[in-house]
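Observations on the three-dimensional arrangement
Next come the chains, spelled out residue by residue.
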Amino acid sequence: MLRRGGQALRRFSTGQVYFKNKLKLALIGQSLFGQEVYSHLCKEGHRVVGVFTVPDKDGKADPLALAAEKDGTPVFKFPRWRVKGKTIREVAEAYRSVGAELNVLPFCTQFIPMDVIDNPKHGSIIYHPSILPRHRGASAINWTLIMGDKKAGFSVFWADDGLDTGPILLQRSCDVEPNDTVDALYNRFLFPEGIKAMVEAVQLIADGKAPRIPQPEEGATYEGIQKKENAEISWDQSAEVLHNWIRGHDKVPGAWTEINGQMVTFYGSSLLNGSVPPGEPLEIKGAKKPGLVTKNGLVLFGNDGKALMVRNLQLEDGKMIPASQYFSGGETSVLELTAEEVKVAETIKVIWAGILSNVPVIEDSTDFFKSGASSMDVVRLVEEIRQKCGGLQLQSEDVYMATKFEDFIQKVVRKLRGEDREAELVVDYVSKEVNKMTVKMPYQCFINGQFTDADDGKTYDTINPTDGSTICKVSYASLVDVDKAVAAAKDAFENGEWGRMNARERGRLMYRLADLLEENQEELATIEALDSGAVYTLALKTHIGMSVQTFRYFAGWCDKIQGSTIPINQARPNRNLTFTKKEPLGVCAIIIPWNYPLMMLAWKSAACLAAGNTLVLKPAQVTPLTALKFAELSAKAGFPKGVINILPGSGGTAGQRLSEHPDIRKLGFTGSTLIGKQIMKSCALSNLKKVSLELGGKSPLIIFNDCELDKAVRMGMGAVFFNKGENCIAAGRLFVEESIHDEFVTRVVEEIKKMKIGDPLDRSTDHGPQNHKAHLEKLLQYCETGVKEGATLVYGGRQVPRPGFFMEPTVFTDVEDHMYLAKEESFGPIMVISKFHNGDIDGVLQRANNTEYGLASGVFTRDINKAMYVSEKLDAGTVFINTYNKTDVAAPFGGVKQSGFGKDLGEEALNEYLKTKTVTLEY
């Protein structure tokens with residue numbers, strides 16, 4: 001040991017760790033918990049001079065005994081310590097022979113005499129899994145759940161002659177989650193933190209710093225061991241009380257009730273917060289309302305009208321079945337094994353034999369638990385099978401559901417064959433032979449992993465803007481459908497696989513979805529062209545291409561979302577830790593526009609999913625088809641049911657309900673400013689849900705006379721006519737410096753005349769149809785208003801004389817600041833040009849900023865100083881310099897003023913779908 005200034009220091013090496021103070025310990029107890037405490041104490045430099053544990057059971061030694069024997073530590077296996085109230089002399093002598101300075105009782109089921117408890121110099125300390133003085137007694141964890149405690153924890157206390165009444169040495173606590181079970185609570189907190197606490201307690205004693213805090217009698221409770229006969233369910237209680245009773249008795253002794261004259265025990269309870277799924281009624285003795293056997297489990301009802309669900313049932317003969325299979329009795333056909341499956345079965349038989357070493361021969365009828373296996377053996381079985389059977393992943397529940405060897409092998413084989421997986425996705429397509437391919441388009445609502453008709457059966461026509469024909473009928477989501485989708489998303493977030501999935505696995509699913517989008521890009525681009533009128537080549541590159549990039553970008557973010565540690569200023573000594581956690585919000589609603597149907601879906605939903613949320617998305621009523629195809633691909637990528645839900649229909653019905661729904665925590669919207677204001681109001685009045693809005697724009701583009709004119713003409717046209725002008729950041733108003741104004745207009749008109757207007761599936765087409773008829777009519781009215789107000793119509797302004805919703809690219813000049821064209825967005829292929837005086841930089845900036853919108857802006861000039869000055873003064877979310885429309889998945893996108901708030905894309909988009917939790921602890 002090293003010393004400096006009279007103080008002993010710890011010496012680190014690859015061998016044993018030495019402390020200033022260490023003790024000779026007697027460990028009295030059993031189980032894996034006892035083994036872990038033993039191992040950690042040895043690693044910390046304390047000397048365990050004796051282990052006192054229970055005798056071997058069915059030829060199997062306790063884990064604590066196995067670890068100690070392996071180390072050469074003396075092990076004593078006494079069946080009892082006293083007879084008729086008196087200590088057995090031979091036992092006491094064996095105990096005193098080890099010369100312990102402290103008794104450590106991590107988990108002990110035997111009664112230890114007080115002369116043994118008090119014998120060591122420092123006495124004895126005991127671990128108890130409750131926050132004493134509450135829940136004294138042997139079933140403390142069970143009663144923590146049964147009584148609905150919001151906090152759980154453990155105590156390390158000094159043993160005395162009472163029953164769990166000795167002075168407290170230390171305590172730790174944690175929150176009880178709504179659906180925690182005894183196993184969940186133990187594995188998450190009581191086991192790992194309890195081990196650390198026992199080691200800490202021993203060191204405090206060794207250092208002479210261990211407190212003795214008398215237990216208060218106020219709040220003290222004592223509950224005995226729960227037995228099967230006392231675990232019957234009393235039904236005239238709330239759903240939460242019923243849930244607590246069931247989970248508090250899971251797995252031993254098991255809460256039960258009588259069904260059809262038979263005792264049935266319930267396992268795997270969870271509160272049902274969403275809508276009640278359909279099912280077959282099941283009469284239960286004493287229950288005022290029948291249960292419902294559903295595809296997910298048995299739904300039960302409290303006297304408050306709320307519901308809970310149990311996943312598994314144990315029948316009176318001991319057979320465990322999924323609750324969803326109650327009416328079939330859980331019966332399945334016996335499988336004939338292939339040669340490869342026989343090899344797997346033989347490997348598993350060897351594993352069983354290794355665990356059940358007391359059983360001479362493993363037979364088909366051998367029962368895992370009746371042969372002496374414990375819960376720790378379940379973990380070993382699952383892990384050994386994974387290691388020796390090609391990574392086959394079982395769950396602990398699989399063992400509990402098939403305890404006999406024959407049944408277990410059948411379950412394993414079904415797992416290997418994939419028969420336990422969800423039924424394959426059923427899609428009823430509308431198919432069309434178009435663009436030299438067969439395009440298959442789903443047309444129903446996508447709710448909880450299934451395509452389904454609207455609840456009321458209503459449909460509507462989605463129209464091909466190229467010729468005005470009906471593509472197909474699409475389900476028209478009702479209010480009931482919205483509630484179903486939200487309930488599915490909520491259940492997936494709170495109870496499903498998605499909520500438990502680690503971030504890297506979430507990213508893997510998103511990468512897989514991006515791959516599927518890319519593999520199906522030609523079909524998706526074709527559907528986009530049919531449904532929205534997008535030019536196929538543009539759809540392939542931008543609508544679909546950027547969607548793929550967006551999902552890949554945010555997939556990479558999944559395991560990089562992190563909080564921070566924060567130094568805080570507190571009174572000395574400063575033993576505090578403050579850190580933040582970034583957490584998902586829950587169920588998010590997304591409402592997208594019709595101009596980029598798939599890309600707008602990707603911009604919002606990728607960030608939403610990367611953050612760990614679930615979503616309900618409503619595509620624009622006029623362009624639902626790529627969103628529904630996306631739903632199909634998300635299911636094929638492996639996204640769990642309920643994570644992604646797609647509801648075609650109207651904004652007035654489905655959209656409004658989403659903005660008002662109390663279970664939605666965030667709504668992302670892209671659309672008009674008018675509707676955005678209405679949505680924001682509904683979100684505030686309902687449950688103050690978080691909102692991000694990307695709304696209208698009137699983006700100014702300033703072209704100075706020192707620009708590269710050819711580039712300004714080309715880019716300026718793209719700024720207006722890209723995607724038929726149906727572009728949220730389209731340059732709504734061009735300001736052209738007076739000296740180049742006329743030449744600029746002339747060149748633009750010349751270029752427009754070269755543009756080919758026609759079928760968007762024709763690879764040579766430059767300009768396709770407007771999205772829908774009502775929008776075309778609005779654009780024509782916009783042009784009429786411009787002419788009436790005195791603007792000069794230089795080119796276009798008319799519908800193209802052919803079937804469909806085609807409009808000529810249009811140019812207006814002499815547009816003055818007071819005119820309608822100067823103030824309002826067209827959202828179409830209409831270039832609005834105003835000139836400004838040569839050299840009047842501040843003047844044109846004032847005019848450019850004289851709008852309530854602020855989505856994007858642009859400037860063309862060769863003078864970098866002028867460009868930077870203008871970019872600084874323009875009041876917009878994005879400024880383009882000598883370019884336009886150059887968005888990227890890594891660059892945040894969003895507006896200011898009445899163009900909305902919040903960001904899509906880039907790291908900032910993640911913050912729209914996350915909440916920050918601050919945690920401060922003292923240590």
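All residue numbers refer to positions counted from 1 along the written sequence of the respective chain. The model is predicted, so local features are restricted to residues of pLDDT at least 70 and side-chain atom pairs to those at 80 or more, both for listing and for counting; the totals for chains, interfaces and linings are taken over all residues. Heavy atoms from the whole structure form the basis of all side-chain values; hydrogens and water molecules are not counted.

Bringing the overall build of the chain into the picture now. Within the chain, the secondary structure is distributed over 27 helices and 40 strands. Along the three orthogonal principal directions, the C-alpha set of the chain runs to about 115 × 75 × 55 Å. Burial classes: relative accessible area under 20% of the type maximum marks a residue as buried, over 50% as exposed, and values in between as partly exposed (1.4 Å probe, protein chains only). Out of the 923 residues in the chain, the part that is buried amounts to 53%. Accessible surface is estimated by sampling points in the Shrake-Rupley manner with a 1.4 Å probe; for residues, cover comes only from the protein chains shown. Just so you have it, the chain exposes about 41,100 Å², and 50% of that area is on carbon and sulfur atoms. Two residue types count as positive, namely Lys and Arg, and two as negative, namely Asp and Glu; His and chain ends fall outside the count. Lys charges are placed at NZ, Arg charges at CZ, Asp charges at CG and Glu charges at CD. Side-chain charges in the chain split into 109 positive and 116 negative, and the spacing between the mean points of these groups amounts to 5 Å. A run of H or I in DSSP counts as a helix once it spans at least four residues, and a run of E counts as a strand once it spans at least two, with each numbered from the N terminus.

Moving on, we come to a negative patch on the surface. A cluster of acidic residues, Glu-363, Asp-364, Glu-406 and Asp-407, forms a negative patch at the surface. Here Asp-364 lies in the loop between α8 (339-355) and α9 (375-388). Of the residues examined, Asp-364 reaches a relative accessible area of 43% and is grouped as partly exposed. Patch building starts from residues that exceed 30% relative accessible area and form no salt bridge, then joins like charges within 9 Å and nonpolar side chains (Val, Leu, Ile, Met, Phe, Trp, Tyr) within 5 Å. Within this document, salt bridges are pairs made up of a side-chain nitrogen of Lys or Arg and a carboxyl oxygen of Asp or Glu, the two lying within 4 Å of each other.

What follows concerns the sheet that holds strand β26 (residues 576-584). Sheets are built from strands paired through backbone hydrogen bonds, the pairs being either parallel or antiparallel. If you trace the 3 strands from one edge of the open sheet to the other, you get β25-β26-β40, paired in antiparallel fashion. Looking at which strands have only one partner, the edges of the open sheet turn out to be β25 (565-566) and β40 (914-922). Any two strands are treated as partners once DSSP identifies two or more bridges connecting them. Note that β25 and β26 share 2 bridges and pair antiparallel. Bridge pairing links Ile-566 to Thr-578 in β26.

Looking at the chain, the pLDDT average stands at 91 and 96% of residues meet or exceed 70. Note: pLDDT gives the predictor's confidence per residue, expressed from 0 to 100. The contact rule is simple, with two residues in contact once any of their heavy atoms fall within 4.5 Å. Every residue in residues 1-19 scores below 50 in pLDDT, and together they form 23 contacts with partners more than four places removed in sequence or on other chains.

Helices are assigned an expected span. That span is 1.5 Å times one less than the residue count. Its 20 residues give helix α16 (residues 536-555) an end-to-end C-alpha distance of 27 Å, which sits within 8% of 28 Å, the value for a rise of 1.5 Å per residue. Fitting axes to the seven residues that end at a residue and to the seven that start at it, the angle between those axes gives the bend at that residue. At Gly-545, α16 shows its largest kink, close to 35 degrees. Counting buried residues in α16 gives 14 out of 20 residues, a clear majority hidden from the surface.

Where burial is concerned, most of strand β12 (residues 255-259) is hidden: 4 out of the 5 residues are buried. Between the end of β12 and the start of strand β13 (residues 262-272), which pair antiparallel, lie 2 residues, with Asn-260 showing a positive phi angle near 50 degrees.

For Phe, Tyr and Trp, rings pair up if their centres lie within 6.5 Å, where Trp contributes its six-membered ring, and each pair is then called stacked (planes under 30 degrees apart), edge-to-face (over 60) or tilted (otherwise). Following the criterion strictly, the structure yields 28 aromatic pairs and no others. Consider the rings of Trp-81 and Tyr-95, whose centres lie 6.4 Å apart with planes at 65 degrees: the pair is edge-to-face. Here Trp-81, found in the loop between β5 (75-77) and β6 (82-83), pairs with Tyr-95, found in helix α3 (residues 89-96); they are 14 residues apart in sequence, far enough to count as distant. Residue classification places Trp-81 among the buried positions, given a relative accessible area of 2%. A relative accessible area of 2% places Tyr-95 in the buried class.

Disulfide assignment relies on a single distance test, namely cysteine sulfur atoms paired within 2.5 Å. Here the structure, examined in full by the defined rule, presents 0 disulfides. Of all cysteine sulfurs in the structure, the one in Cys-608 sits closest to Cys-558, which takes part in no disulfide; the separation is 11 Å. The class for Cys-558 is buried, based on a relative accessible area of 3%.

This paragraph deals with the sheet that holds strand β4 (residues 47-53). Spatially, 7 strands are ordered β5-β4-β3-β8-β9-β10-β11 in an open sheet, and the strand pairing comes out mixed. Bordering the open sheet on either side are β5 and β11 (168-175), each of which pairs with just one other strand. Taking each pair of neighbouring strands and ignoring which way they run, the sheet shows an average axis angle of 15 degrees. Examined bridge by bridge, strand β3 (residues 24-28) and β4 share 5 bridges and lie parallel to one another. Residue pairing in the sheet places Leu-27 in a bridge with Val-51 of β4. Its contacts with the sheet place helix α2 (residues 63-71) against β3, β4 and β5, and it is angled at close to 150 degrees to β5. Only the stretch in contact is used when fitting a helix axis, every axis being a line fitted to C-alpha atoms; angles between N-to-C directions are given from 0 to 180 degrees.

On to helix α19 (residues 651-660), then. All of the buried residues along α19 are Ala-654, Gly-655, Gln-656, Leu-658 and Ser-659. In this structure, the buried residues of α19 make contact with α12 (479-494), β27 (587-591), β28 (614-618), β30 (666-670) and α20 (673-687).

With that settled, the discussion passes to the pattern of salt bridges. Opposite charge on two side chains allows them to pair when their charged atoms are near. Summed over all chains, the structure comprises 43 salt bridges. The closest approach of N and O atoms between Asp-559 and Lys-560, which form a salt bridge, is 2.9 Å. Residue Asp-559 is classed as partly exposed on the basis of its relative accessible area, which comes to 32%. When salt bridges with common partners are traced through the structure, they connect Glu-523, Lys-629, Glu-632 and Lys-636 into a single cluster.

UniProt positions are given in the numbering used here, feature names are shortened, and annotations may be inferred rather than shown by experiment. Per the UniProt record, the feature "active site" (unreviewed entry) sits at Glu-694. You can see Glu-694 is positioned in strand β31 (residues 690-694). Residue classification places Glu-694 among the buried residues on the basis of a relative accessible area of 3%. Contact partners of Glu-694, with chain neighbours within four places excluded, come to Met-600, Phe-669, Thr-670, Gly-671, Cys-728, Leu-855, Phe-893 and Ser-899.

This brings us to the packing of α19 against α20. For the pair α19 and α20, interaxial distance at closest approach is 7 Å and the crossing angle is 40 degrees. By the angle class used here, α19 and α20 are oblique. In contact with Gln-656, Ser-659 and Glu-660 of α19, α20 contributes Gln-678, Ile-679, Ser-682, Cys-683 and Ser-686. Throughout this entry, Asp, Glu, Lys and Arg are counted as charged residues, while Ala, Val, Leu, Ile, Met, Phe, Trp, Tyr, Cys and Pro are counted as nonpolar. The remaining residues, Gly among them, count as polar. Taken together, the residues that form the contact of α19 with α20 break down as 2 nonpolar, 5 polar and 1 charged. Angular relationships are summarised with four words: roughly parallel below 35 degrees, roughly antiparallel beyond 145, roughly perpendicular across 65 to 115, and oblique for the angles in between.

In this fold, Asp-377 is placed in helix α9. With a relative accessible area of 12%, Asp-377 lands in the buried category. If we skip the residues at most four places from it in the chain, Asp-377 touches Lys-60, Ile-355, Phe-368 and Gly-372.

Let's shift gears to the environment of Leu-577. Mapped onto the secondary structure, Leu-577 falls in strand β26. Judged by relative accessible area, which is 34%, Leu-577 ranks as partly exposed. It is 6.4 Å that separates the C-alpha atoms of Leu-577 and Glu-922, two residues lying 345 residues apart in sequence. Ignoring sequence-local partners within four residues, the contact set of Leu-577 consists of Val-919, Thr-920, Leu-921 and Tyr-923.

In this structure, Pro-133 follows Leu-132 across a cis peptide bond, with omega equal to 15 degrees. Among the secondary structure elements, Pro-133 is positioned in the loop between β9 (124-128) and α5 (140-146). With a phi angle near 60 degrees, Asp-164 is a residue other than glycine that sits in the positive phi range. Note on placement: Asp-164 falls in the loop between β10 (151-158) and β11. Owing to a relative accessible area of 14%, Asp-164 belongs among the buried residues under this scheme. One non-glycine residue, Asn-448, lies in positive phi territory at about 55 degrees. Along the polypeptide, Asn-448 turns up in the loop between β21 (445-447) and β22 (450-452).

What follows concerns the side chain of Thr-878. Note on placement: Thr-878 falls in strand β38 (residues 878-881). By relative accessible area, Thr-878 is classed as buried at 14%. If sequence neighbours within four positions are ignored, Thr-878 has contacts with Leu-855, Ala-856, Ser-857, Phe-893 and Gly-894.

Now for the environment of Arg-380. Its location among the elements puts Arg-380 in helix α9. Residues Arg-380 and Phe-812, 432 residues apart in the sequence, show an inter-C-alpha distance of 77 Å. Ignoring any residue separated from it by four or fewer positions in sequence, one finds Arg-380 in contact with Gly-354 and Ile-355. Any pair of nitrogen or oxygen atoms within 3.5 Å is treated as a polar contact; in protein, a donor-acceptor pairing is required on top of that, and neighbouring residues in sequence qualify only through side-chain atoms on both sides. At 2.8 Å, the side chain of Arg-380 and the side chain of Glu-384 are in polar contact.

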